[in-house]
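So you can see what is in the structure, the chains are spelled out below.
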Amino acid sequence: MNPQQIDRAVEHFRALLNEQAARAQRLERGAETALQKRGKTVIGIAGGDGIGPIIVQQARRALACVLADKLAAGTVELREIEGLTLENRMACGESVPQNVLRDILECDVLLKGPTATPAGGSSMESANVTLRRSLDLYANVRPVRIPEENIDWTFFRENTEGEYALGSRGVDLDGMAVDFKVTTDAGTRRIARAAFEFAKNNGKSRVAIVTKANILKKTDGKFRDLCFEVAREYPDIEAEEWYIDIMSANLVNPALRSRFQVFLLPNLYGDILTDEAAQLQGGVGTAGSANLGDQYAMFEAIHGTAPRMIAQGLGAYADPESILRAAELLLRHIGCVEAADRLSRALHICCEQERKCVVTGDKDGATCEQFGDYLLQTLNA
Ligand code: IPM
Ligand code: MG
């Protein structure tokens with residue numbers, strides 16, 4: 001290997017370390033500026049890519065229905081966010097173009113369809129990752145319920161650090177590639193606090209801290225140690241240590257899985273385990289996801305853009321349940337509890353009780369729009 005390559009990589013690593021150290025210091029100091037508060041709540045809506053605009057369209061209809069009074073009174077606004085498409089992002093050469101980010105920041109919260117990430121060859125970062133970082137949305141909260149098994153899980157996935165912080169900025173040398181994983185004290189403490197506060201305020205008695213600290217001794221070791229340190233502030237809640245491999249197995253162990261309540265985990269493990277959990281609930285198309293910061297919040301489906309469905313011409317058959325669950329989380333977050341309950345009841349009727357119109361993701365099922373019609377009828381019944 002060319003020694004100059006190594007030198008360049010070391011310089012690159014030095015710059016990354018300096019940058020991350022500065023970020024860690026900013027986190028220690030806490031949020032610097034509070035976002036401007038307006039007289040009304042502005043909900044930004046971005047369709048995204050692939051099946052995104054198709055499913056978001058149905059979420060928009062549902063929101064317009066349950067918020068009709070507030071929209072008419074002008075206390076809530078639904079605002080279209082343009083330009084978060086892959087085409088525009090590639091044309092601008094930015095994962096989230098500056099003017100789009102400005103428009104998003106003009107809203108109080110964002111409902112976002114999945115966005116495509118150019119893979120491999122392109123070094124462009126995922127728009128999700130950029131948004132989570134730019135808006136400092138450090139808590140990715142993903143509820144999963146399987147009522148018939150008494151399963152009520154809430155995942156608290158750290159959302160701005162770990163493998164994702166520098167995931168698009170590794171080094172590629174002759175015959176070898178290296179990526180970096182970053183865990184900060186302040187970044188860990190705040191997600192741990194979010195999880196334990198949730199447990200305390202929602203009558204949960206147990207939090208599972210999930211890492212691979214036996215192997216990734218520095219980053220996961222720190223995550224585990226600091227989570228246990230925060231846990232000491234919550235003596236009524238039991239903190240348990242688990243490794244991600246056995247936890248992945250436990251989620252498919254019916255004898256054990258219903259005992260888990262709250263999960264607290266670093267970014268990548270959270271990404272993987274929540275897809276598994278959603279699949280157990282009924283599919284990745286069924287789970288919503290909240291990305292929460294101290295100032296801003298973004299809500300989305302937990303799945304991606306489904307390029308295979310689009311390629312097979314099945315986009316119209318995409319399941320909007322996940323983005324509708326995200327819309328429900330959004331409504332709760334902005335304090336529209338009645339509207340959220342109404343949407344939740346209608347989803348329960350349409351997806352679990354009556355199931356008069358079932359989306360299968362294929363031509364044997366209903367289209368996304370047909371399901372939207374059914375949901376609207378149910379909401380208005
Ligand atoms: C998720 C998604 C994203 C992630 C992708 C789209 C970047 O899988 O929200 O779980 O990896 O976080
Ligand atoms: Mg994921």
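Rules and cut-offs
- Along every chain, residues carry numbers that run from 1 in the direction the sequence is written.
- Written order decides the labels, with chains lettered from A and ligands numbered from 1.
- Per-residue local features are limited, in this predicted model, to residues with pLDDT of at least 70; the limit for side-chain atom pairs, both in listing and counting, is 80 or more; totals at the level of whole chains, interfaces and linings are taken over all residues.
- The basis for every side-chain value is the complete set of non-hydrogen atoms in the structure, without hydrogens or water.
- We define a salt bridge as a contact between a side-chain nitrogen of Lys or Arg and a carboxyl oxygen of Asp or Glu at a distance within 4 Å.
- Each helix is a run of H or I in the DSSP string that is no shorter than four residues. Each strand is a run of E no shorter than two, and both are numbered from the N terminus.
- Three exposure classes are used, based on accessible area relative to the maximum for each residue type with a 1.4 Å probe and protein chains only: buried under 20%, partly exposed in between, and exposed over 50%.
- For two strands to be treated as a pair, DSSP must find at least two bridges joining them.
- For helices, the fitted axis covers only the stretch in contact; all axes are lines through C-alpha atoms, and the angles between them, taken along N-to-C directions, range from 0 to 180 degrees.
- Here, residues are in contact when the closest pair of their heavy atoms is within 4.5 Å.
- Here, proximity means that at least one heavy atom of the residue falls within 4 Å of the molecule or strand.
- Contacts described as polar in this section are N or O atom pairs within 3.5 Å, which, within protein, must combine one atom able to donate a hydrogen with one able to accept it, while residues neighboring in sequence count only if both atoms come from side chains.
- All accessibility values rest on the Shrake-Rupley procedure with a 1.4 Å probe; residue burial counts only the protein chains present in the view.
- Polarity classes work like this: nonpolar for Ala, Val, Leu, Ile, Met, Phe, Trp, Tyr, Cys and Pro, charged for Asp, Glu, Lys and Arg, and polar for all others, with Gly in that last group.
- Domain start and stop points were drawn from an automatic or database domain assignment.
- By buried area we mean how much accessible surface two parts lose on assembly, using a 1.4 Å probe and totalling the loss over both.
- Multiplying 1.5 Å by the residue count of a helix minus one yields the expected span of that helix.
- Aromatic rings from Phe, Tyr and Trp, taking only the six-membered ring of Trp, are treated as a pair when their centres fall within 6.5 Å; an angle between ring planes under 30 degrees marks them as stacked, one over 60 as edge-to-face, and anything in between as tilted.
- Only when the NZ atom of a Lys or the CZ atom of an Arg is both within 6 Å of the ring centre and within 35 degrees of the ring normal do we say a charge sits over the ring.

Re the pattern of salt bridges
Scanning the model with the defined rule gives 32 salt bridges in all. Measuring nitrogen to oxygen at the nearest pair gives 2.6 Å for the salt bridge that ties Asp-185 to Lys-222. Taken together, the residues span a long stretch of sequence, with Asp-185 in helix α7 (residues 185-201) and Lys-222 in helix α8 (residues 219-231) at a distance of 37 residues. Its relative accessible area of 30% is what places Lys-222 among the partly exposed residues.

A word on the sheet that holds strand β3 (residues 109-112)
Whether parallel or antiparallel, the strands of a sheet pair through hydrogen bonds between backbone atoms. An order of β2-β1-β3-β12-β11-β4-β5-β10-β8-β9 is seen for the 10 strands of this open sheet, with the pairing classed as mixed. The open sheet has two edge strands, β2 (76-80) and β9 (238-243), and neither has a second partner. Within this sheet the neighbouring strands show an average axis-to-axis angle of 20°, counted without direction. Inspection of the sheet shows strand β5 (residues 151-158) paired to strand β10 (residues 262-265) by four bridges, in the parallel sense. Within β10, the position partnered with Thr-154 by the bridge is Val-262. Along the sheet face, helix α12 (residues 321-333) touches β1 (41-46), β3, β4 (139-146), β11 (288-292) and β12 (297-301) and points at about 160° away from the line of β12.

With respect to the site of ligand 1
In the vicinity of ligand 1, the contacting residues are Ser-126, Asn-128, Arg-132, Arg-142, Arg-157, Tyr-164, Asp-271 and Ile-302. The side chain of Arg-157 places a nitrogen or oxygen atom 2.7 Å from an oxygen atom of ligand 1. Relative to its unbound accessible surface of 320 Å², ligand 1 loses 79% to contact with the protein. The class makeup of the residues in the shell around ligand 1 is two nonpolar, two polar and four charged.

So, the domain arrangement of the protein chain
Domain parsing of the protein chain yields domain 1 (1-29 + 140-156 + 166-283) and domain 2 (37-135 + 296-381). On a C-alpha basis, the centroid separation for the pair domain 1 and domain 2 is 25 Å. Taken residue by residue, the interface counts seven residues in domain 1 and six residues in domain 2. In this assembly, domain 1 packs against domain 2 so that about 550 Å² is buried in total across both faces, 54% of it on carbon and sulfur atoms. Among the residues domain 1 hides against domain 2, the three largest losses belong to Arg-142, Pro-143 and Ser-168. Together they make up 59% of the total. For the interface between domain 1 and domain 2, the tally reads zero salt bridges. Summed over the shared surface of domain 1 and domain 2, the number is zero residue pairs in polar contact (both at pLDDT 80 or more). For the side of domain 1 that touches domain 2, the elements supplying multiple residues, two or more each, are β4 and α10 (267-281).

Some remarks on helix α2 (residues 52-66)
The end-to-end C-alpha separation of α2 is 21 Å, in line with the 21 Å expected for 15 residues at 1.5 Å each. Those residues of α2 lying buried are Gly-52, Ile-55, Val-56, Gln-58, Ala-59, Ala-62, Leu-63, Cys-65 and Val-66.

Some words on the packing of aromatic side chains
For any pair of aromatic rings, the description rests on two quantities: the centre-to-centre distance and the angle between the ring planes. On inspection of all chains with the given rule, the structure shows nine aromatic pairs. Judged by centre distance (4.2 Å) and plane angle (10°), the ring pair of Phe-155 and Phe-263 falls under stacked. Here the residue Phe-155 occupies a position in strand β5, and Phe-263 occupies one in strand β10, the gap between them amounting to 108 residues. Since its relative accessible area comes to 0%, Phe-155 is described here as buried. For Phe-263, a relative accessible area of 0% gives the class buried. Summarising the aromatic geometry, the rings of Phe-196 and Tyr-234 are spaced 5.4 Å apart at their centres and angled 25° between planes, so their arrangement reads as stacked. Within this pair, whereas Phe-196 is found in helix α7, its partner Tyr-234 is found in the loop between α8 and β9, the two being separated by 38 residues in sequence. Taken as a pair, Phe-196 and Tyr-234 share a single burial class, namely buried. Taken together, the ring pairs in this structure connect Trp-153, Phe-155, Trp-242, Phe-260 and Phe-263 into an aromatic cluster. Just above the ring of Tyr-164 sits the side chain of Arg-157; from NZ or CZ to the centre is 5.1 Å.

Regarding the side chain of Thr-378
If you trace the backbone, Thr-378 turns up in helix α14 (residues 368-380). If near-sequence neighbours (up to four positions away) are discounted, Thr-378 is found in contact with Ala-346, Ile-349 and Cys-350.

Regarding the environment of Asn-150
Structurally, Asn-150 is set in the loop between β4 and β5. In this structure Asn-150 comes out as exposed when scored by relative accessible area, which is 63%. In sequence terms Asn-150 and Arg-257 are 107 residues apart; their C-alpha atoms lie 9.5 Å from each other.

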